[in-house]
Structures are given as C-alpha cells and as structure tokens.
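Fold and contact review
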Amino acid sequence: MTESSKIKMFFKWSMFVLGFSIVIYAIIQYGIIGLVDSGFYYVKVYYYQEKLSSIWDIMILIHIIGSSISLLIGPFLFVKKIRRDKLAVHKIMGYAYVGGILIGGITGFYTAFYSTGGVVSHIGFILLSILWIYSGLMVTNYAIKGENYFHRAWAIRSYSLTFVAVTLRLWLGFFALIFGGEAYVSYYVVIAWLCWVPNLIIAWIYTAPIIKKGMWNREKNGFRSIFFISMFL
C-alpha cells in the first residue's frame, strides 16, 4: 500500500468512526434519554426560552433519523471492493443514502428557521439544507446517467455536507472549551456557517481534478458518437 493510499484509508476510517460515534450519541441522547430530557432541548427551550412550533419536536427527530442514515451509510459508498464486486449492494445503499439526505434536508430546512442565533444562523442552515439536497440529487442524476467521474465527485461533495453532523459538534466543543458556555449564542452564529463551508470548499478543491476527468471523458465520448454517426452520412 502506497503512502497516499494509507492516508486515504486513514481518512475513510476516521470518517466512519466519527460518524458512527455521532449516530450512537444520537441514539442515546434522543432515543434512550429522549429529546425533551436532552441537554440540547434544555439549553434551547428552558435556558434561552426560544419559541418553537408545535411540530418542531417531530421535525427535529425526523431530521436526526434521516441524517443518521446518511452519515452511517456514506463511508461504505466509497469502499472500492463494494463498488466493484457488489454493485447491486452499492446501488441500494446509494438510494438509502440519498433518501436519508432528502428526509434530513427537508426537515433541516424547516428546523433552520428555529436555529439558535437569529437570522444569520437561519440563513446558514437554510443554505446548508438546500445544498445538501441538491448534492444528493446530483449524485443520483449522474449515477443514472452512468457518468462515473461526476457521480464520484458529487458523492464526495455530498458527504462533506452530510459530515456536518460531526464537524458541527467538533466546533461546538472547541468553542465551548475556548469561550465557555456563556457565549454559546454568539459563537453558534459563527458555527452555523463554519460547520459546513470549509467542508464544502475542501471537497470542491479535492474533486476539481475528478470533474476535469469527467469533462474530458464526456468530450471523448461525444467525439466518438459524432465519428460513428458520420460513417453513415
């Protein structure tokens, strides 16, 4: 295994372990302990006394379920052995992954209007939800078309937004350690953007060469089609 392969493997396993940890956390926090008794709910409702809609509880739970599905399945979609030897399994997991995005993204769009920190936070999470849904649809679109380079690039971009479930909590922990809990509202406004913008930028830069290969492959196939048609003219 080359040094580059080792680094890629490390990042894949890190994403899986962190993602799996967040899913376990969500099950314990919201499934076993319960949403109303969770620290998140206490801070939002009782400490800051934020006004929530009558269906917010249901929407946030559906959001957590959808996001957890995508977060857990995502890393397996990048396993080459599954893609190569078990394509049917890869497709089923892919549709489940995108289904989780649609569930999490639509409910996330709704709950974004109730995010802590006011309008700036709302806009940050609204944009995240829209881009997350869009990325999932692009992944599906290119899979159906059979354009593998574009499919792979958008899968990476999509998972960079799915991984927000992890980076959001990492940034929360970091800011709480530095600034304490008293400044929660102030730094949550920053985290509403910081949790996903760097993820997407890194993914965009990383996938740029893959997109270039896709464009070259598309042009090559287009030239072949034109050449084939011209033979019969």
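Residues numbered from 1 in each chain as written. Predicted model: local features only at pLDDT ≥ 70, side-chain atom pairs only at ≥ 80, totals over all residues. Heavy atoms only, no water.

Below, the discussion takes up the layout of surface pockets. In this model, the largest pocket occupies a volume close to 1900 Å³. Lining of the largest pocket is provided by 49 residues; of these, Lys-12, Phe-78, Arg-83, Arg-152 and Ile-156 occupy positions nearest its centre. Ranked by the residues each element gives to the lining of the largest pocket, the list is headed by helix 1 (residues 3-32), at eleven residues. Considering only residue class, the lining of the largest pocket consists of 30 nonpolar, ten polar and nine charged. Put simply, the second largest pocket is a space of about 940 Å³. (1 Å grid on protein atoms, 1.4 Å probe; cavity = no way out; pocket = protein on both sides within 12 Å on 5 of 7 lines; lining within 4 Å. Points joined across faces, edges and corners; volume = space filled by probe spheres on them. Helix = DSSP H or I, 4+ residues; strand = E, 2+ residues; numbered from the N terminus. Nonpolar A, V, L, I, M, F, W, Y, C, P; charged D, E, K, R; others polar.)

Buried together is how nonpolar side chains tend to be arranged in soluble globular proteins. Counting 44 residues, the largest nonpolar core has Leu-71 and Phe-125 as its most contacted members. Those elements that place two or more of their residues in this core are helix 1, helix 3 (56-73), helix 5 (87-112), helix 6 (119-145), helix 7 (148-162), helix 8 (164-179), helix 9 (184-194) and helix 10 (197-230). When neighbours within four sequence positions are excluded, Phe-125 is seen to be in contact with Ala-112, Ser-115, Leu-168, Tyr-188, Ala-192 and Cys-195. Core analysis: the second largest hydrophobic core is formed by eight residues, Leu-35, Trp-56, Ile-60 and Ile-64 among them. (Core = buried A, V, L, I, M, F, W, Y, C linked by side-chain atoms within 4.5 Å. Buried < 20%, exposed > 50% of the residue type's maximum accessible area, 1.4 Å probe, protein only. Contact = heavy atoms within 4.5 Å.)

Let us now look at the packing of aromatic side chains. What describes a pair of aromatic rings is the distance from one ring centre to the other and the angle between the planes of the rings. Enumeration according to the criterion identifies 28 aromatic pairs in this entry. Pairing Tyr-41 with Trp-56 gives two aromatic rings, centres 6.2 Å apart and planes at 45°, and the pair type is tilted. Taken together, the residues span a long stretch of sequence, with Tyr-41 in helix 2 (residues 39-47) and Trp-56 in helix 3 at a distance of 15 residues. Assigned by exposure class, Tyr-41 and Trp-56 land together as buried. Taken together, the ring pairs connect Tyr-47, Tyr-48, Phe-125, Trp-171, Phe-174, Phe-175, Phe-179, Tyr-184, Tyr-187 and Tyr-188 into an aromatic cluster. Over the ring of Trp-154 we find Arg-157; its NZ or CZ atom is 4.8 Å from the centre of that ring. The cationic tip of Arg-157 hangs over the ring face of Trp-204; the distance from NZ or CZ to the ring centre is 3.6 Å. (Phe/Tyr/Trp six-rings, centres within 6.5 Å; stacked < 30°, edge-to-face > 60°. Lys NZ or Arg CZ within 6 Å of the ring centre and 35° of its normal.)

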